[in-house]
Amino acid sequence: MTAWIIVSAKINDREKFLSGYGAEAAKLVAEFGGCYIIRGPGAEMLEGEGWDGASVVVSEWPDKAAARAFWNSPEYAKAKKLREGLAECSILLIGDS
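Residues numbered from 1 in each chain as written. Predicted model: local features only at pLDDT ≥ 70, side-chain atom pairs only at ≥ 80, totals over all residues. Heavy atoms only, no water.

K.L.:
Break down the overall build of the chain for me, with residues and values.
P.N.:
Of regular secondary structure, the chain possesses three helices and four strands. Going from the N terminus to the C terminus, the chain shows its helices and strands as β-α-β-β-α-α-β. Against the compact-globule benchmark of 13 Å for 97 residues, the chain has a radius of gyration of 13 Å, which places it among compact chains. For the chain, with 97 residues in total, the buried portion stands at 27%. (Helix = DSSP H or I, 4+ residues; strand = E, 2+ residues; numbered from the N terminus. Rg over C-alpha atoms; globule rule 2.2 N^0.38 Å. Buried < 20%, exposed > 50% of the residue type's maximum accessible area, 1.4 Å probe, protein only.)

Here it is as structure tokens:
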């Protein structure tokens, strides 16, 4: 069953974030069988906690197992280090088990 990873991020240095982490993450999403539904800045916070103007990324996966394989991979662990100090992120995984 389809699954989605939903990211909301407050990015401190957008250019550096996109050229390093963003480029590497995009490559890995494709390699692990995911695809992007939306990637963009300017989210409007209507209720709850988060960041007005946040960037939001939604990636679609064949199932939760595929999304977890990406998330827990050594390749992605290395890529995540590229965003350290550049962004605060909230990340959700949703879909049927």
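Right, picking up where we left off after that structure.
K.L.:
Go over the pattern of salt bridges, please, and point to the residues and values.
P.N.:
Considering all chains together, one arrives at one salt bridge under this definition. Across the pair glutamate 24 and lysine 27 runs a salt bridge whose closest N-O atoms are separated by 3.3 Å. In this pair, glutamate 24 and lysine 27 both sit in helix 1 (residues 14–31), three residues apart, roughly one turn of the helix. On the basis of relative accessibility, which here comes to 41%, the residue lysine 27 falls in the partly exposed class. (Salt bridge = Lys/Arg side-chain N within 4 Å of Asp/Glu carboxyl O.)

K.L.:
Any chance you could break down the nonpolar core for me, citing the residues and the numbers?
P.N.:
The nonpolar side chains of a soluble globular protein tend to be buried with one another. Formed by 16 residues in total, the largest nonpolar core has its most connected members in Ile5, Phe17, Tyr21, Leu28, Trp61, Phe70 and Tyr76. At the level of elements, strand 1 (3–11), helix 1, helix 2 (64–71) and helix 3 (74–80) are the ones that each hand at least two residues to this core. For this core, the leading source of residues is helix 1, giving five residues. Discounting chain neighbours no more than four positions away, the residues touching phenylalanine 70 are Ile5, Ala25, Leu28, Val29, Phe32, Trp61 and Tyr76. (Core = buried A, V, L, I, M, F, W, Y, C linked by side-chain atoms within 4.5 Å. Contact = heavy atoms within 4.5 Å.)

K.L.:
Give a detailed account of the environment of leucine 18, specifying residues and quantitative values.
P.N.:
Here leucine 18 shows up in helix 1. C-alpha of leucine 18 to C-alpha of arginine 83: the two residues are 65 residues apart in sequence and 9.1 Å apart in space.

K.L.:
Quick rundown of the side chain of serine 55? Include the residues and the values.
P.N.:
In this fold, serine 55 is placed in strand 3 (residues 55–61). Ignoring anything within four residues of it in the chain, the contact list for serine 55 reads Val7, Ser8, Ala9, Ile11, Arg14, Gly40 and Pro41.

K.L.:
Break down a nonpolar patch on the surface for me, with residues and values.
P.N.:
Side chains of Ile6, Leu92 and Ile94 sit close together on the surface and give an oily, nonpolar patch of about 260 Å² of accessible area. Mapped onto the secondary structure, isoleucine 94 falls in strand 4 (residues 87–95). (Patch = residues over 30% accessible without salt bridge, like charges linked within 9 Å, V, L, I, M, F, W, Y side chains within 5 Å. Areas by Shrake-Rupley, 256 points an atom, 1.4 Å probe, with all protein chains shown as cover.)

K.L.:
How would you summarise the packing of aromatic side chains if you had to cite specific residues and measurements?
P.N.:
Remark: the centre distance and the inter-plane angle together describe each pair of aromatic rings, the angle taken between the planes. Evaluation of the coordinates by the stated rule reveals six aromatic pairs. Pairing phenylalanine 70 with tyrosine 76 gives two aromatic rings, centres 4.4 Å apart and planes at 40°, and the pair type is tilted. You'll find phenylalanine 70 and tyrosine 76 in the same group, each marked buried. Directly above the ring of tyrosine 36 sits arginine 39, whose terminal nitrogen or CZ lies 4.0 Å from the centroid. Stacked on the ring of tyrosine 21, the Lys or Arg arginine 83 has its end atom at 5.4 Å from the ring centre. (Phe/Tyr/Trp six-rings, centres within 6.5 Å; stacked < 30°, edge-to-face > 60°. Lys NZ or Arg CZ within 6 Å of the ring centre and 35° of its normal.)

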